[in-house]
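Remarks on the overall topology
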Amino acid sequence: MTIRIACLGDSLTRAQLSVDYLNLLERRHPPGDVRLARYGVNGDFAHNLLRRLDAVVADPPDVITVLIGTNDARASLAGYPVERAMKRKQLPERPSAGWFQQCLAAVVERLRTQTDATIALLSLPVLGQQPDGAAAQASQAYSRLIAEVATTNEVTYLPLHERQTEELRRAGAPPIPYQEPTPAASVSVLVRRAVLRRSLDTISRRRGLTLTTDHIHQNSRGAALVAEVIDTWLPTRSA
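Treat the numbers as computed from the prediction; the structure is a model and nothing was measured.

1. Some points on the sheet that holds strand β3 (residues 63-67)
Read across the sheet, five strands follow the order β2-β1-β3-β4-β5 without closing on themselves; strand pairing throughout is parallel. Looking at which strands have only one partner, the edges of the open sheet turn out to be β2 (34-40) and β5 (156-158). Pairwise comparison of adjacent strand axes, ignoring direction, gives a mean angle of 20° for this sheet. As paired strands, strand β4 (residues 118-122) and β5 are joined by three bridges and run parallel to one another. The residue bridging Ala 120 from the neighbouring strand is Thr 156, located in β5.

Okay, here's the thing in structure tokens:
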């Protein structure tokens, strides 16, 4: 029987600037074993995801994975353009940890009450490449909030952040300082892919990054860990 999986999230799920973890997840299964639906929007905060659940509820899948919060965590860092993000994403209030947790809990509540899907919340990919740096600590702190929402609402928590932290340490990744990508830098990545035909992994390698292309978006190694964490859970939860 084909398992219908809806993957909800931001640019990591949209996969224009990241290697496509949905594609990697699909490739881990025989043809026809899973059918994936993508619900990723670049730059989304948890609030934005909450406002666009109608399409998921209208055609409920068997399984829902939620990978959201990277932009909420980034907004807690010094140097993040909060005002610009609020205007661009039409946020009604300034991003905060408490508001993130409230919005994520509302996402889970609606999915639980209006679908019969099995739901899993992923912790966040590691921001940056310094496990003890401010960016990585922010992604860890928001991952703890995700774990609390999962526990309170009795849905599954998938430890992506923990798995990526382990991988960074195992690989001996150099502690390259975190840099907040600019819009121009993101456009540059798209141009390099489309015009110069450079892969995201080539961009990542030239920057000395282990799991990401720009401290946020995933290269093949980082995306493979997202697929692995989801797939390890699927056999027992979707039977």
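2. Comments concerning helix α8 (residues 134-153)
Helical geometry note: an α-helix holds 3.6 residues per turn, so side chains three or four residues apart project in the same direction. The terminal C-alpha atoms of α8 lie 29 Å apart, and with 20 residues this matches the ideal 28 Å at 1.5 Å per residue to within 8%. Burial in α8 covers these residues: Ala 135, Ala 136, Ala 138, Ser 139, Tyr 142, Ser 143, Leu 145, Ile 146, Val 149, Ala 150 and Asn 153. Packed against the buried residues of α8 are α5 (70-74), α7 (97-114), β4, β5 and α9 (160-171). Phi turns positive one or two residues past the end of α8, at Glu 154, with a value near 55°.

3. Quick look at the layout of surface pockets
Roughly 170 Å³ of volume is contained in the second largest pocket. Taken together, ten residues form the lining of the second largest pocket, with Gln 179, Arg 207, Leu 209, Asp 214 and His 215 sitting closest to its centre. Here the residues of the lining of the second largest pocket sort into four nonpolar, three polar and three charged.

4. Digging into empty space enclosed by the protein
Applying the stated criterion to the full structure yields one cavity of 30 Å³ or more. By volume, the largest cavity amounts to about 40 Å³. Lining the largest cavity, in full, are Val 126, Gly 128, Gln 129, Leu 168, Thr 210, Leu 211 and Thr 212. Residue composition of the lining of the largest cavity, by class: three nonpolar, four polar and no charged.

Cut-offs applied
- Residues numbered from 1 in each chain as written.
- Predicted model: local features only at pLDDT ≥ 70, side-chain atom pairs only at ≥ 80, totals over all residues.
- Heavy atoms only, no water.
- Pairing = 2+ DSSP bridges.
- Helix = DSSP H or I, 4+ residues; strand = E, 2+ residues; numbered from the N terminus.
- Axes fitted to C-alpha atoms, helices over the stretch in contact; angles between N-to-C directions.
- Expected span 1.5 Å × (residues − 1).
- Buried < 20%, exposed > 50% of the residue type's maximum accessible area, 1.4 Å probe, protein only.
- Contact = heavy atoms within 4.5 Å.
- 1 Å grid on protein atoms, 1.4 Å probe; cavity = no way out; pocket = protein on both sides within 12 Å on 5 of 7 lines; lining within 4 Å.
- Points joined across faces, edges and corners; volume = space filled by probe spheres on them.
- Nonpolar A, V, L, I, M, F, W, Y, C, P; charged D, E, K, R; others polar.

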